[in-house]
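Tertiary structure, described
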Number of protein chains: 2
Amino acid sequence: MEYYSGQITKLIEELSRLPGIGAKSAQRLAFHIISMPEEQVDRLASSMTEARRNIRYCKECCTLTDQELCPVCRSAGRDHKTIMVVETPRDYVAYEKTGRYDGVYHVLHGAISPMLGIGPGDIKLKELMQRLQGDVNEVIIATNSSLEGETTAMYISKLIKPTGIKVSRIASGVPVGGDLENIDEVTLLRALEGRIEL
Amino acid sequence: MEYYSGQITKLIEELSRLPGIGAKSAQRLAFHIISMPEEQVDRLASSMTEARRNIRYCKECCTLTDQELCPVCRSAGRDHKTIMVVETPRDYVAYEKTGRYDGVYHVLHGAISPMLGIGPGDIKLKELMQRLQGDVNEVIIATNSSLEGETTAMYISKLIKPTGIKVSRIASGVPVGGDLENIDEVTLLRALEGRIEL
């Protein structure tokens, strides 16, 4: 049964396919979009189609970009011999925002997950190994500290070790500024195991 | 500082202007949209621009529609002499979903709110009064049971009383302070049945 006119129904349907947007939010968004200035709707719509059409993987690090190389891979000021391996472009951005990492990245677009049937061939691992043929000093593995992230980190480190390239893993432990009492036990234990001498 | 390539940044910016979508969700949505099949992105984008371009007020009841008259106002099977006054098109849909109301609607697009500076001239009240020149038996006021909704209901009932047309208010089976769109159908029906003449 169609309660709205066809085009509103269609818009609500399309919006509710997006992740994290339920039926109610889709409805609210649809009515908002209808009431927005027409130019703004056009801008929103064309930014979607243009991004979808032009965004591709960076030829070097596989992050998403609208040019052949991403800004970091293009930059001459970065240390191209240090590669930080992350799961997603969002993780790349998270480290970029610190403003203190001057190496380059490699985006896997996922993590190995036997549970979800995601194997080493389903992430950008072959591309990473190809980069290691070049002049690389260190690979820093910065996958998430989830089961999948740890599995992936172990897998990659085993793969790289024989090449003689240094492999490291970002430390996991208590977040800076976090209250101990609010932190889960696994993290507390990991922080204890990873303690460093002062 | 731009961490993403231009087109991703632009998409994230446009998405984060939408209500209820913060920086993080905009980022997540943007990456999702980039990974969607191209046809689906095109459908989403065109459903926005088309809805925005073609949606207008129903000539009769002022709800949003892509035709001259909304489905209810077009229908010969409805009782066009009974008009239910609601605040928004979503409230219209909420009552339509009960499947048990056979009158027509009038959508005010808001409620009188001295606090927000919204007066009787800012909602579709003139249009309602014009409809009452025709053959109307009853006006059922189904504005929200919020302060604004009650104020609007009182205002409208005072306006209509002199015309001799019956005016009723949906019963307060609707919880005080609740938005119609979030209330279950049984409660909505109970409120309709228990309406009292004002």
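Residues numbered from 1 in each chain as written. Chains lettered and ligands numbered in written order. Predicted model: local features only at pLDDT ≥ 70, side-chain atom pairs only at ≥ 80, totals over all residues. Heavy atoms only, no water.

Within chain A one finds eight helices and six strands. In chain A, the share of contacts with a sequence separation of at least 24, taken over all contacts with a separation of at least 6, comes to 47%. Taken as a whole, chain A presents about 11,000 Å² of accessible surface, with 52% of it coming from carbon and sulfur. (Helix = DSSP H or I, 4+ residues; strand = E, 2+ residues; numbered from the N terminus. Contact = heavy atoms within 4.5 Å. Areas by Shrake-Rupley, 256 points an atom, 1.4 Å probe, with all protein chains shown as cover.)

This brings us to the pattern of salt bridges. Per the stated rule, a full pass over the model turns up 20 salt bridges over all chains. Where A:R131 meets A:E60, a salt bridge forms, and the shortest distance between an N and an O atom there is 3.8 Å. Taken together, the residues A:R131 in helix α6 (residues 125–131) and A:E60 in the loop between β1 (56–57) and β2 (64–65) connect sequence positions 71 residues apart. Under the relative-accessibility criterion, A:E60 is labelled partly exposed at 37%. Residues B:R169 and B:E150 are paired through a salt bridge, measuring 3.3 Å at the closest nitrogen-oxygen approach. A residue pair is termed long-range when its members are at least 10 positions apart, and B:R169 in strand β6 (residues 166–169) and B:E150 in helix α7 (residues 147–160) qualify at 19 residues. Within this structure, A:E14, A:R17 and B:R43 form a network of salt bridges that share partners. (Salt bridge = Lys/Arg side-chain N within 4 Å of Asp/Glu carboxyl O. Buried < 20%, exposed > 50% of the residue type's maximum accessible area, 1.4 Å probe, protein only.)

With that settled, the discussion passes to the interface of chain A and chain B. In this complex, chain A contributes 51 residues to the contact, which on the side of chain B involves 52 residues. Taken over both partners, the interface formed by chain A and chain B buries close to 5,300 Å², and the fraction arising from carbon and sulfur atoms is 62%. Along the contact surface separating chain A from chain B lie six salt bridges. Counting across the interface, chain A meets chain B through 14 residue pairs in polar contact (both at pLDDT 80 or more). (Buried area = accessible area lost by both parts, 1.4 Å probe. Polar contact = N/O pair within 3.5 Å; in protein donor to acceptor, adjacent residues only side chain to side chain.)

This next bit is on the confidence of the model for chain A. Per-residue confidence for chain A gives a mean pLDDT of 89; residues scoring 70 or more make up 96%. Scored by ipTM, the complex comes to 0.71, with pTM at 0.69. (pLDDT = per-residue confidence, 0-100.)

Turning our eyes to something else, we now look at helix α5 (residues 89–98) of chain B. Quick reminder: α-helices carry 3.6 residues per turn. Residues three or four places apart thus point the same way. Residues and elements named next belong to chain B. With nine of its ten residues buried, α5 lies for the most part within the structure. Among the residues of α5, those classed as buried are P89, R90, D91, Y92, V93, A94, Y95, E96 and T98. Where α5 terminates, the next one or two residues include G99, which has phi positive at roughly 70°.

Another point: the packing of aromatic side chains. Under the defined criterion, the tally for this structure stands at four aromatic pairs over all chains. By the ring-pair criterion, three or more aromatic residues cluster together here, those being A:Y92, A:Y101 and A:Y105. (Phe/Tyr/Trp six-rings, centres within 6.5 Å; stacked < 30°, edge-to-face > 60°.)

A separate point is the packing of helix α5 (residues 89–98) of chain A against helix α2 (residues 23–35) of chain B. Following both chains from N to C, one finds α5(A) and α2(B) inclined at 140°, their axes separated by 11 Å at the closest point. In terms of orientation, α5(A) lies oblique with respect to α2(B). When α5(A) is examined against α2(B), the residues A:P89, A:R90 and A:K97 are found in contact with a partner set consisting of B:Q27, B:R28 and B:F31. Here the residues of the contact of α5(A) with α2(B) are counted per class, giving two nonpolar, one polar and three charged. (Axes fitted to C-alpha atoms, helices over the stretch in contact; angles between N-to-C directions. Parallel < 35°, antiparallel > 145°, perpendicular 65-115°, else oblique. Nonpolar A, V, L, I, M, F, W, Y, C, P; charged D, E, K, R; others polar.)

Bringing helix α3 (residues 38–54) of chain A into the picture now. For α3(A), built from 17 residues, the straight-helix expectation of 24 Å at 1.5 Å per residue is met to within 8% by its first-to-last C-alpha distance of 24 Å. The complete set of buried residues in α3(A) reads A:Q40, A:V41, A:L44, A:A45, A:S47, A:M48, A:T49, A:A51 and A:R52. Against α2 (23–35) of chain A together with α1 (6–16), α2 and α3 (38–54) of chain B lie the buried residues of α3(A). (Expected span 1.5 Å × (residues − 1).)

Residues and elements named next belong to chain A. Spatially, β4-β3-β5-β6 is the arrangement adopted by the four strands of the open sheet, whose pairing is parallel. Each edge of the open sheet carries a strand with a single partner, namely β4 (103–107) and β6 (166–169). Averaged over all pairs of adjacent strands, the angle between their axes in this sheet comes to 25°, without regard to strand direction. Both strand β5 (residues 138–141) and β6 contribute to a ladder of four bridges, which runs parallel. Looking at the pairing, V139 lines up with V167 of β6. α5 rests against β3 (79–86) and β4 of the sheet, and its axis sits at about 160° to β4. Those strands touched by helix α7 (residues 147–160) are β3, β5 and β6, and its axis lies near 170° from that of β6. (Pairing = 2+ DSSP bridges.)

Their axes nearest at 9 Å, the elements α3(A) and α3(B) cross at an angle of 170°. What the angle tells us is that α3(A) and α3(B) run roughly antiparallel. On α3(B), the residues touching A:E38, A:V41, A:D42, A:L44, A:A45, A:M48, A:T49, A:R52 and A:R53 of α3(A) are B:E38, B:V41, B:D42, B:L44, B:A45, B:M48, B:T49, B:R52 and B:R53.

With that settled, consider the side chain of A:T152. All names here are of chain A. Considering the arrangement of structural elements, one finds T152 in helix α7. What makes T152 buried here is its relative accessible area of 0%. Once residues lying within four places of it in the same chain are set aside, the contact partners of T152 are L108, A111, I112, I123 and T143.

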